[in-house]
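Listed below are the residues making up each chain.
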Amino acid sequence: MTFSDAGSVKAVLGPTNTGKTYLAIDRMLGHATGMIGFPLRLLARENYDRVVRLKGTGAVALITGEEQIIPDNPRYFLCTVEAMPQDRQVAFLAIDEIQLCADAERGHIFTERLLGARGTEETMFLGAETMAPILRKLVPEAEFIRRERFSKLSYAGPKKLTRLPPRSAVVAFSAANVYALAEVLRRQRGGAAVVLGALSPRTRNAQVGMYEAGEVDYLVATDAIGMGLNMGIDHVAFSSLRKFDGNHFRHLTPPEIAQVAGRAGRYMADGTFGPTTDIDPFDPDLVAALEDHKFESIRALFWRATKLDFNSPAGLKRSLEAPPPAPELRRARAADDYSALVNAMATPGIVDMASHPEAVRLLWDVCRIPDFLGDLSGSHPRLVTRVYKFLMSSQARIPGDWISRAVERLDRTDGDIDTLTARIAGVRTWTYVSHRRDWLEDALGWQQRTHELENKLSDAMHDRLTQRFVDRKTAVLVQRLRERKTLLAGVANDGRVTVEGSDVGWLEGFRFVPLDGEVAANPHLMAAANRVLREAIAGRVADINAAEDDAFALDLASGQILWRDAPLGRLTAGANVVRPLVDVLASDLIDGPAREQVRQRLTRWLDDYLQAQIGPLLELREAAFAGTVRGLAFRLVEGLGCSVRDPAVDKKANFAEEERKMLARAGVRIGVEMTYMPAMLKGRLMALKGLLWTVHAGGSAPTAIPDGGSTSIACQDSVPEAWYLALGFCPAGPLAVRADLLERLLAEIRRSTREGAFEVTPAVMNAIGAGPDDFAQVLRRFGYAVTRTEETLSVARRRPNRHKAAKKPRKQREARPIDPDSPFAKLAQLKIGSPS
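Reading the values: rules and limits
- Residues numbered from 1 in each chain as written.
- Predicted model: local features only at pLDDT ≥ 70, side-chain atom pairs only at ≥ 80, totals over all residues.
- Heavy atoms only, no water.
- Helix = DSSP H or I, 4+ residues; strand = E, 2+ residues; numbered from the N terminus.
- Contact = heavy atoms within 4.5 Å.
- pLDDT = per-residue confidence, 0-100.
- Pairing = 2+ DSSP bridges.
- Axes fitted to C-alpha atoms, helices over the stretch in contact; angles between N-to-C directions.
- Buried < 20%, exposed > 50% of the residue type's maximum accessible area, 1.4 Å probe, protein only.
- Expected span 1.5 Å × (residues − 1).
- Bend = angle between axes of the 7 residues up to and from the residue.
- Polar contact = N/O pair within 3.5 Å; in protein donor to acceptor, adjacent residues only side chain to side chain.
- Core = buried A, V, L, I, M, F, W, Y, C linked by side-chain atoms within 4.5 Å.
- Salt bridge = Lys/Arg side-chain N within 4 Å of Asp/Glu carboxyl O.
- Patch = residues over 30% accessible without salt bridge, like charges linked within 9 Å, V, L, I, M, F, W, Y side chains within 5 Å.
- Areas by Shrake-Rupley, 256 points an atom, 1.4 Å probe, with all protein chains shown as cover.
- Phe/Tyr/Trp six-rings, centres within 6.5 Å; stacked < 30°, edge-to-face > 60°.
- Lys NZ or Arg CZ within 6 Å of the ring centre and 35° of its normal.

A. Local environment of the environment of valine 497. Tracing the backbone through its elements, the reader meets valine 497 in strand E20 (residues 496-499). Counting along the chain gives 10 residues from valine 497 to leucine 507, while the straight-line C-alpha distance between them is 6.9 Å. Setting aside chain neighbours within four positions, we find valine 497 in contact with Gly490, Val491, Ser502, Asp503, Val504, Gly505, Trp506, Leu507, Phe512, Ala529, Val532 and Leu533.

B. Spatial organisation of the confidence of the model for the protein. When pLDDT is averaged along the protein, the result is 87, and 91% of the positions lie at 70 or above. Scored below 50 in pLDDT, residues 1-5 shows 23 contacts in the model against residues more than four places distant or in partner chains. Within the model, pLDDT remains below 50 along residues 801-813, and this stretch shows two contacts once partners closer than five positions in the same chain are excluded.

C. Expanded view of the sheet that holds strand E34 (residues 784-789). If you trace the three strands from one edge of the open sheet to the other, you get E33-E35-E34, paired in antiparallel fashion. At either margin of the open sheet sits one strand with a lone partner, and together these are strand E33 (758-760) and E34. Here the average twist between neighbouring strands, direction ignored, is 30°. Relative to strand E35 (residues 792-797), E33 runs antiparallel, the two sharing three bridges. Across the sheet, residue valine 760 finds its bridge partner in E35, namely leucine 793. On the sheet, helix H25 (residues 739-752) packs against E33, E34 and E35 and is oriented at approximately 85° with respect to E34. The strands that helix H27 (residues 772-781) touches are E33, E34 and E35; relative to E34, the one it contacts most, it runs at about 165°.

D. Geometry of the pairing of strand E23 (residues 552-555). Burial of the side chains of E23 is restricted to one face: Phe552 and Leu554 are buried, whereas none of Ala553 and Asp555 on the reverse face is. Relative to strand E24 (residues 560-563), E23 is paired through four bridges, and the arrangement is antiparallel. Residue pairing for E24: aspartate 555 is matched across the bridge by glutamine 560. Hairpin connection between E23 and E24: a loop of four residues separates the two successive antiparallel strands, and glycine 559 in this loop has a positive phi of roughly 80°.

E. Local environment of the sheet that holds strand E30 (residues 712-714). With antiparallel pairing, the three strands of this open sheet are ordered in space as E30-E32-E31. Edge positions in the open sheet fall to E30 and strand E31 (729-732), since each of these has one partner strand only. The average angle at which neighbouring strand axes cross in this sheet is 25°, direction not considered. Where E31 meets strand E32 (residues 735-738), four bridges bridge the pair, whose relative direction is antiparallel. Its bridge partner lying in E32, cysteine 730 is registered against valine 737. On the sheet, H25 packs against E31 and E32 and is oriented at approximately 90° with respect to E32.

F. Inspection of helix H20 (residues 592-622) at higher detail. With 31 residues, H20 should cover 45 Å at 1.5 Å per step; its first-to-last C-alpha distance of 33 Å lies more than 12% under that length. Its maximal kink placed at isoleucine 614, H20 deviates by approximately 100°, while the proline proline 616 follows within four residues. One side-chain oxygen at the N-terminal end of H20 lies 3.1 Å from the backbone nitrogen of alanine 594; it belongs to aspartate 591.

G. Highlighting the nonpolar core. Ranked by internal contacts, the top residues of the largest apolar core, which has 66 residues, are Phe510 and Ile614. The element contributing the most residues to this core is H20, with 11 residues. Apart from residues lying up to four places away in sequence, phenylalanine 510 is in contact with Ile537, Arg540, Val541, Ile544, Leu568, Val584, Ser587, Leu589, Ile590 and Val598. Ranked by size, the runner-up nonpolar core spans 62 residues in total, among them Leu391, Val427, Trp430 and Leu465.

H. Quick look at the pattern of salt bridges. Evaluated as defined, the whole model comprises 40 salt bridges. Among the ionic pairs, glutamate 122 bridges to arginine 27, the shortest N-O distance being 2.8 Å. In this pair, glutamate 122 sits in strand E7 (residues 122-127) while arginine 27 sits in helix H1 (residues 20-29), placing the two residues 95 residues apart along the sequence. Look at glutamate 122 and you get buried, because its relative accessible area is 2%. Connected via shared salt-bridge partners are Arg41, Arg45, Asp49, Glu66, Glu67, Arg428 and Glu454.

I. Summary view of a nonpolar patch on the surface. Residues Phe150, Tyr267 and Met268 make up a contiguous nonpolar surface patch of roughly 330 Å² in combined accessible area. Tracing the backbone through its elements, the reader meets methionine 268 in the loop between helix H7 (254-261) and strand E16 (271-275). Exposure remark for methionine 268: the relative accessible area of 52% places this residue in the exposed category.

J. A look at the packing of aromatic side chains. Across all of its chains, the model carries 11 aromatic pairs by this definition. Taking the centre distance of 5.6 Å and the plane angle of 50° together, the rings of tyrosine 155 and phenylalanine 273 count as tilted. Placement of the pair is tyrosine 155 in strand E9 (residues 153-155) and phenylalanine 273 in strand E16, with a sequence separation of 118 residues. Residue phenylalanine 273 is classed as buried on the basis of its relative accessible area of 0%. Through a chain of ring-to-ring contacts, the aromatic side chains of Tyr155, Phe238, Phe273 and Phe282 assemble into a single cluster. Sitting over the ring of phenylalanine 144, arginine 136 keeps its end group 4.3 Å from the ring centre. In this structure, arginine 167 is placed above the aromatic ring of tyrosine 211, and the distance from its NZ or CZ to the ring centre is 3.9 Å.

Given below as structure tokens:
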């Protein structure tokens, strides 16, 4: 290219899908020589391939920072804007996406080409119409050509990600968000192709090729797709309107949104755009601007000095900081090359090396090595200074073994997507370096080696992206459903559910349990599974009705009734505590009549189960008692076999002889403090009684179910007394003592205190699992006087205070030790366990 005013200058402006790039290539091929600068390496490669098909490889050159294909006598050059050779004179020259002059990061490069790069016969600037006013000021000789969009672009409103139509592109503004969206589409729609600015052309082309071939119906990308990537996209969905621009997060401008939205619709096919439901609907004014392609004009362009002072590093730095020459130009912020220069100048020895113009020019060339990785660890500045030191050494070359070690570290295809991305970025750095033929020996060899390694890593990246974000099975299902084909599904005898030959879950009772979260989130798999499950339910209902009782079980922890270990129903509160009802678990797979059949079968089983477990209690409830005995039986049933004795009512003297016999036959014992049924105190029944009480009372169990061998449990003030009684324990101060053991304890104490105070040893206390203090409180609860002496207790009857004549006091005697042969001593030898 040449920096002159020769030839005509044309500004071809308009929205996306107007054929601007096609026009430029067509015009270039009408000249003997030509050059086009593109904003992205992958665009340069894409159009290079197009021109090669038309003119052959010998006539076309590709020049980017990391890739150069230059035949002996090329006529046409396809380049990135940064890599356009400035010493090459061509008849035709074009710059694509010229509105990037206003880009804060790269705008100064585009502005430099705008102001200085010209073809000898024709120059074209391609871009958005927002550039028209400022171009008229800066390039007054330009002829303006407006291009109209070939197709209509319309706002479609918000759409849920999983409801997007096929051939949609979803736009995000970070790699993490791109991956997250692609993951959802993999689960819901079979997968998505992924396009990021950091992808190599080879990986990008493989991903786009997968989308274009119809292997997946969705594309997830960053705003990199806004730069001239032509694909069959019908709808563009924005997942966000905010991006990080290198310094801070900011909202996208309407022209930036238009650049991306304009990818919808190809040639004459109309396209739509809109947000996903994760963000607010677009403002009506924004919609009107996007549909009509009318935006505020660009008012200023970023600029950096091109006339640099190479006499010293300090002079170079000052020249880069020069103010812009026109009010329409704004000084560019510190770019990576400027930051590398500042860091190099601060490195000991570098300024001394750059002591003459050639050394300063070399320093600037080295500082312009791109930071493809963009990490903040300081590795790139260290690389720059190391390379410069090598080039300033006596050999004036970068050592081959040093590059070899660096490249070998990158020659691995293991790791995740982020790891491969970092390796590809590292290879791109060495590819860039290898194209500086005066920097190293065997530059062509290194170009070939790094190119092959980039291809190798790019293929691995494509495989990794496909493995992670494409589910071939789901993609096939989606395609079959779109073609209205019936999916093959079935239910095996063991309950396994398959769709198209693959396990998707199993039928547990009347509930479908997906194999994993991906199946549950996939509406197509779920629909196919539900269809076959509904067909299988009738047979399952018949199997349940015909099943033997041993096929069912009651889960005492959850209150669910199981069939073949699968939950079918649950207990609910009935008219009384020993007769709960059965409710079939909710399921969309079973209708009303079938549900009632199952409920009746489960109810029959539960009745038989309860009769086998708590039969004596059920028989007591049905016994033909009357009067006082009937009330006692009612209290026992409500207490699940245990009740605190009412001294005024629960007297054997109140019962007729026949009633006493009936109570005895029913297994009822009337003690001093408790009325209970020994058969209901079995440890194995404790969990069942706790469940029955909880179901009837509602809510959850107030405490954990104690071990079946427990003789006492700690009392809590917040726990209802009825809960302890239901478990078979009598609350007595700090402890609740098992009813039968408490009665035996109190009976022995009554007998032992007839002769006065006596001594209770720790062995006796251990019979109810109590320490001295708790044991003392239990006895005081029942009217005994207790005095503690070290580890033993002195127990005596507490005499009532009566208004009678004072008798001669008895001589006080010391507390007697327990007679080893007494019944009370035998109590101390009780095994802590279930009652016999």
